[in-house]
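An overview of the molecular structure
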Amino acid sequence: MNLSLAKKTALLAAALAAASGASAAGKLEIFSWWSGDEGPALEALIKLYRQKYPAVAVDNATVSGGAGTNAKAVLKTRMLGGTPPDSFQVHAGQELIGTWVVANRMEDLSGLFRTEGWSKVYPKDLVTLLSSKGGIWSVPVNVHRSNVMWYNPAKLRAWGVTPPKTWNEFLTTCAALKRKGVAAPLVMGENWTQQHLWESVMIGTLGAQGWQDLWSGKTKFTDPKVVQGFTTFGRVLDCANKDASGLSWQQASDRIVDGTSAFNIMGDWAAGYFTTTKKLRPSTGFGWAASPGTSGTFVMLADSFGLPKGAKNRAEALNWLRVLGSKAGQDAFNPLKGSIAARTDSDLSKYSTYSKSAAADWRKNRIVGSMVHGAVAPESFMSAFGAVVDQFVASRNAQAAANAAGQLATRSGIGR
Ligand code: GAL
């Protein structure tokens, strides 16, 4: 028999994996929305998995669409139809707990956290976010920051403006840029990116504590401060491009790169896009600051993967979770993704200067959760809030929007 060297190596690796107790063959289907430009970080993680489990055929199933807008709908059909993927991407927090955990469709991963020693390497608050009913329901692969304002340093210099620190300053800068002929000083994209902008404007208006009080029910959506937040949001929208609904988040980011617009409020997957896809250098190719009014606050979200009950390839899925929760896994994934590791022991020398600054802020800032990306609000609120924003974009009626959000909060049981 004349085997090629590659084949011999694969066989040897499979034999070693089998000897170490790892699954030697099988399949694994991973489900996420990380396709195309969002794909490289996930592919790096899968590469690592394949090195450890070379005989497993990995099906990297993706449904494209930023923030999982399309993927979540497909996942729902599959979960309800009894054909769950072996492991799927989901935001840490309410997005999973309020849906598939309460519906009793997920396996409790506390045992895995124990055997892997993860309770010691993940921040306590993050584990709390993943926990309910005495269980831990998913494994976080990263921490992303939502409240970041991106810009093109050379263009800001040419226009003679600096990154605004408050929303009032932002509006003044916006007027100055318009006078210089910049038609849309702010770029935004499709509906979820508008909600993302809303989140930053609201936190910049209410402050970190005010934001938390909104989700605990202590502050009502009809509070004058929330109405004020919507009013400011409307004025900020006046600075934005008119073709937003047709743009993906990447296309919106492109307008910063090409200098069409001055600012974009987006999560730090934009840093991954700038460095990994666009090959830009942090600080020179792209610049960043906390979104106006939020300096000292880190609005977090975490991507995680869970194990649905009835997964066809359970053993392979558990090994997948082991890889993505490992230090090597997180340090392969996150430098490409723009996020920082969820683990506290990651090797920061592998990360960009942007990510190093995010890691420093993660340690010293006040941490609050993102609504748009699943951390703080029940799914019933999240999935209906897009319509409130759409209506507000059309009507600009701040009081009506606050009332509608308030009704949604009541129906979703916020504060109950
Ligand atoms: C977020 C997700 C990020 C990134 C982004 C854009 O919801 O947490 O990892 O994928 O959407 O699609």
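So, a few notes on the structure that sits alongside this text. Treat the numbers as computed from the prediction; the structure is a model and nothing was measured.

Cut-offs used in this document
- Residues numbered from 1 in each chain as written.
- Predicted model: local features only at pLDDT ≥ 70, side-chain atom pairs only at ≥ 80, totals over all residues.
- Heavy atoms only, no water.
- Near = heavy atom within 4 Å.
- Polar contact = N/O pair within 3.5 Å; in protein donor to acceptor, adjacent residues only side chain to side chain.
- Areas by Shrake-Rupley, 256 points an atom, 1.4 Å probe, with all protein chains shown as cover.
- 1 Å grid on protein atoms, 1.4 Å probe; cavity = no way out; pocket = protein on both sides within 12 Å on 5 of 7 lines; lining within 4 Å.
- Sits in = over half its atoms within 2 Å of the grid points.
- Nonpolar A, V, L, I, M, F, W, Y, C, P; charged D, E, K, R; others polar.
- Points joined across faces, edges and corners; volume = space filled by probe spheres on them.
- Helix = DSSP H or I, 4+ residues; strand = E, 2+ residues; numbered from the N terminus.
- Phe/Tyr/Trp six-rings, centres within 6.5 Å; stacked < 30°, edge-to-face > 60°.
- Buried < 20%, exposed > 50% of the residue type's maximum accessible area, 1.4 Å probe, protein only.

**A word on the site of the ligand**
What surrounds the ligand is a group of 13 residues, the closest being Glu38, His91, Asp303, Lys337 and His373. Within the contact set of the ligand, an oxygen atom lies 2.6 Å away from a side-chain nitrogen or oxygen of aspartate 303. Here the ligand loses 100% of its free accessible area of 300 Å² to cover by the protein chains. The site holding the ligand turns out to be the largest cavity. A per-class count over the shell around the ligand returns 6 nonpolar, 4 polar and 3 charged.

**Structural notes on empty space enclosed by the protein**
Inspection of the entire model under this criterion finds 3 cavities of 30 Å³ or more. Estimates place the volume of the largest cavity at around 100 Å³. Every residue lining the largest cavity is counted, 15 residues in all, and those nearest its centre are Trp33, Glu38, Ala67, Trp269 and Lys337. Classifying every residue of the lining of the largest cavity gives 7 nonpolar, 5 polar and 3 charged. Estimated volume of the second largest cavity: approximately 80 Å³. In this structure, the second largest cavity is lined by 13 residues; those nearest its centre are Asp37, Glu38, Gly272, Leu336 and Lys337. For the lining of the second largest cavity, the secondary-structure elements that each account for two or more residues are α2 (40–52), α13 (269–277) and α15 (327–337). Considering each element in turn, the lining of the second largest cavity owes the most residues, 5 residues, to α13. Residues of the lining of the second largest cavity, tallied by class, amount to 6 nonpolar, 4 polar and 3 charged.

**A closer look at the packing of aromatic side chains**
Summed over the entire model, instances satisfying the criterion amount to 30 aromatic pairs. For the ring pair tryptophan 34 and phenylalanine 333, a centre distance of 5.2 Å and an interplane angle of 50 degrees mean the geometry is tilted. On the criterion of sequence distance, the pair formed by tryptophan 34 in the loop between β1 (26–32) and α2 and phenylalanine 333 in helix α15 is long-range, its members being 299 residues apart. Phenylalanine 333 shares its class with tryptophan 34; the two are buried. Arranged with centres 5.9 Å apart and planes meeting at 50 degrees, the rings of tryptophan 150 and phenylalanine 286 form a pair that is tilted. Note that tryptophan 150 is positioned in strand β8 (residues 148–151) and phenylalanine 286 in the loop between α13 and β10 (287–290), a separation of 136 residues in sequence. We classify tryptophan 150 as buried; its relative accessible area is 0%. With a relative accessible area of 1%, phenylalanine 286 lands in the buried category. Here a set of aromatic residues connected by ring pairs shows up, and it is made of Trp198, Trp211, Trp215, Phe221, Phe230, Phe233, Phe381, Phe385 and Phe392.

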